[in-house]
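# Examining the three-dimensional arrangement
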Amino acid sequence: MELDLSQILKASGVFIYPLLACSVLGLAVTIERVIALCFIKVFPQSLFEAIVRGEWNGDEVDPKSTGGRILQFYCEGGTDPDGLKAYARLEVSRLERGLFLLDIVVAVAPLLGLLGTVTGLVRVFTGFDGAGAVTDTGDFGQGISLALSTTIIGLSVAIPALVAGTWLDRRVDVLAARIDAGVERLLESNTKV
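Residues numbered from 1 in each chain as written. Predicted model: local features only at pLDDT ≥ 70, side-chain atom pairs only at ≥ 80, totals over all residues. Heavy atoms only, no water.

### Digging into a nonpolar patch on the surface
The following threshold applies: Residues with no salt bridge and a relative accessible area higher than 30% make up the patches, which join like charges within 9 Å and nonpolar side chains (Val, Leu, Ile, Met, Phe, Trp, Tyr) within 5 Å. Computed with the Shrake-Rupley method and a 1.4 Å probe, the accessible areas treat only the protein chains shown as cover for residues. Salt bridge, as applied in this entry: a Lys or Arg side-chain nitrogen positioned within 4 Å of an Asp or Glu carboxyl oxygen. By the criteria applied, helices consist of DSSP H or I runs no shorter than four residues and strands consist of E runs no shorter than two, each listed in order from the N terminus.
Nonpolar side chains collect at one region of the surface, where Leu 111, Leu 114, Val 118 and Val 122 lie side by side and expose about 360 Å² of accessible area between them. The topology assignment puts Leu 114 in helix α7 (residues 99-125).

And the structure:
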């Protein structure tokens with residue numbers, strides 16, 4: 001017998017709605033963050049290389065990028081090392097925007113699946129008479145179906161959200177290291193002048 005997606009969705013009952021909401025939320029956050037965390041939008045490679053080589057002369061400040069906002073802060077008098085590093089940390093925290101929602105999806109989706117599992121099992125066990133015989137085989141089958149379907153959907157939502165969240169966290173770490181290196185190089189060049 002082949003596993004049919006429409007049967008799984010139908011068998012999951014009312015639990016499909018919060019699981020669907022978790023799925024949509026996870027997908028929306030993932031797409032938005034993948035687009036927002038492009039190197040070009042955070043710290044363009046040419047600008048980063050110019051700073052590292054010590055060839056940046058104050059030009060090419062784009063306030064739409066994270067690196068551009070940090071450089072704008074620097075150019076407007078933010079040459080104090082502690083102040084510049086604090087501003088850079090603030091910009092890095094902006095890169096993490098929305099990632100907590102993926103953590104919520106990763107935690108909530110399997111719990112909703114588990115809730116559906118327990119609900120289905122309660123339906124199964126209330127279908128027995130006093131002698132231990134099944135009173136209605138239809139209710140028994142629906143209870144088992146609800147239990148297994150919600151588990152499948154909950155895990156199917158949580159696993160991709162976990163993978164996306166882990167990848168995006170790593171991406172933010174790489175970008176934060178790049179920003180830190182750029183800030184350190186700026187501060188070094190400032191002390192030499």
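### Structural notes on helix α2 (residues 16-36)
Owing to its 3.6 residues per turn, the α-helix brings residues three or four apart onto one side. This is how it is decided: Any helix carries an expected span of 1.5 Å times its number of residues minus one. Burial here depends on accessible area, computed with a 1.4 Å probe over protein chains only, as a share of the maximum for the residue type. Under 20% is buried, over 50% is exposed, and the range in between is partly exposed. What the arc measures is the spread of directions leading from the helix axis to the C-beta atoms.
Relative to the 30 Å expected for 21 residues at 1.5 Å per residue, α2 spans 30 Å between its end C-alpha atoms, a close match to the ideal helical length. Those residues of α2 not exposed but buried are Ile 16, Leu 19, Cys 22, Gly 26, Val 29, Thr 30 and Arg 33. End-on view of α2: buried residues confined to an arc of 165°, all on one side of the axis. Opposite its buried face, α2 presents the exposed residues Tyr 17, Val 24 and Leu 27, each directed more than 90 degrees away.

### Re the packing of α2 against α7
Our working rule: All axes here are fitted lines through C-alpha atoms, helices being fitted over the stretch that makes contact, and every angle between N-to-C directions spans 0 to 180 degrees. Relative orientations are named as follows: roughly parallel for angles under 35 degrees, roughly antiparallel for angles over 145 degrees, roughly perpendicular for angles from 65 to 115 degrees, and oblique for any other angle. In this scheme the crossing of two helices becomes right-handed for a clockwise turn of the near helix relative to the far one and left-handed for an anticlockwise turn of less than a right angle. Contact definition: two residues touch when any of their heavy atoms are within 4.5 Å.
Following both chains from N to C, one finds α2 and α7 inclined at 155°, their axes separated by 9 Å at the closest point. Classified by the angle between their axes, α2 and α7 sit roughly antiparallel to one another. For the pair α2 and α7, the crossing hand works out as left-handed. Taken together, the residues of α7 that come into contact with α2 (itself represented by Pro 18, Leu 19, Cys 22, Leu 25, Gly 26, Val 29, Thr 30 and Arg 33) are Leu 99, Leu 101, Leu 102, Val 105, Val 108, Ala 109, Leu 112 and Gly 113.

### Here's the deal with the environment of Ile 70
Considering the arrangement of structural elements, one finds Ile 70 in helix α5 (residues 66-75). Taking C-alpha positions, Ile 70 is 9.6 Å from Gly 182, a pair spaced 112 residues apart along the chain. In contact with Ile 70, not counting residues within four places along its chain, are Leu 84, Tyr 87, Ala 88, Glu 91, Ile 179 and Val 183.

### Topic: the nonpolar core
Quick note on the threshold: Residues grouped as a nonpolar core are buried Ala, Val, Leu, Ile, Met, Phe, Trp, Tyr and Cys residues, joined through side-chain atoms within 4.5 Å.
Membership of the largest hydrophobic core comes to 39 residues, with the highest contact counts inside it found for Phe 43, Ile 51, Trp 56, Leu 95, Leu 102, Ile 179 and Val 183. For this core, the secondary structure elements donating two or more residues are α2, α4 (45-53), α5, α6 (81-95), α7 and α8 (137-192). In terms of residues, this core owes the most to one element, α8, which gives 14 residues.

### Notes on the layout of surface pockets
The condition is simple: We place a 1 Å grid over just the protein atoms. Points where a 1.4 Å probe fits but has no way out form a cavity, open points with protein on both sides within 12 Å along at least 5 of 7 lines form a pocket, and any residue with an atom within 4 Å of a point lines it. Grid points are joined across faces, edges and corners, and a volume is the space filled by probe spheres set on the points.
Its volume calculated, the largest pocket comes out at about 270 Å³. Taken together, 16 residues line the largest pocket, and the ones lying closest to its centre are Cys 22, Ser 23, Ser 156, Val 157 and Pro 160. Elements that contribute at least two residues to the lining of the largest pocket include exactly α2 and α8. At eight residues, the largest contribution of residues to the lining of the largest pocket is made by α2.

### Details of the packing of α5 against α6
Quick reminder of the rule: Only Asp, Glu, Lys and Arg are considered charged in this grouping, and only Ala, Val, Leu, Ile, Met, Phe, Trp, Tyr, Cys and Pro are considered nonpolar; every other residue, Gly among them, is considered polar.
Packing of α5 against α6 leaves a shortest axis separation of 10 Å and a crossing angle of 160°. Relative to α6, the element α5 is oriented roughly antiparallel. Note that α5 runs across α6; the crossing there is right-handed. Contact with α5, carried on its side by Thr 66, Arg 69, Ile 70, Phe 73 and Tyr 74, involves Gly 83, Leu 84, Tyr 87, Ala 88, Glu 91, Arg 94 and Leu 95 of α6 and no other residues of that element. Across the contact of α5 with α6, the residue classes tally to seven nonpolar, two polar and three charged.

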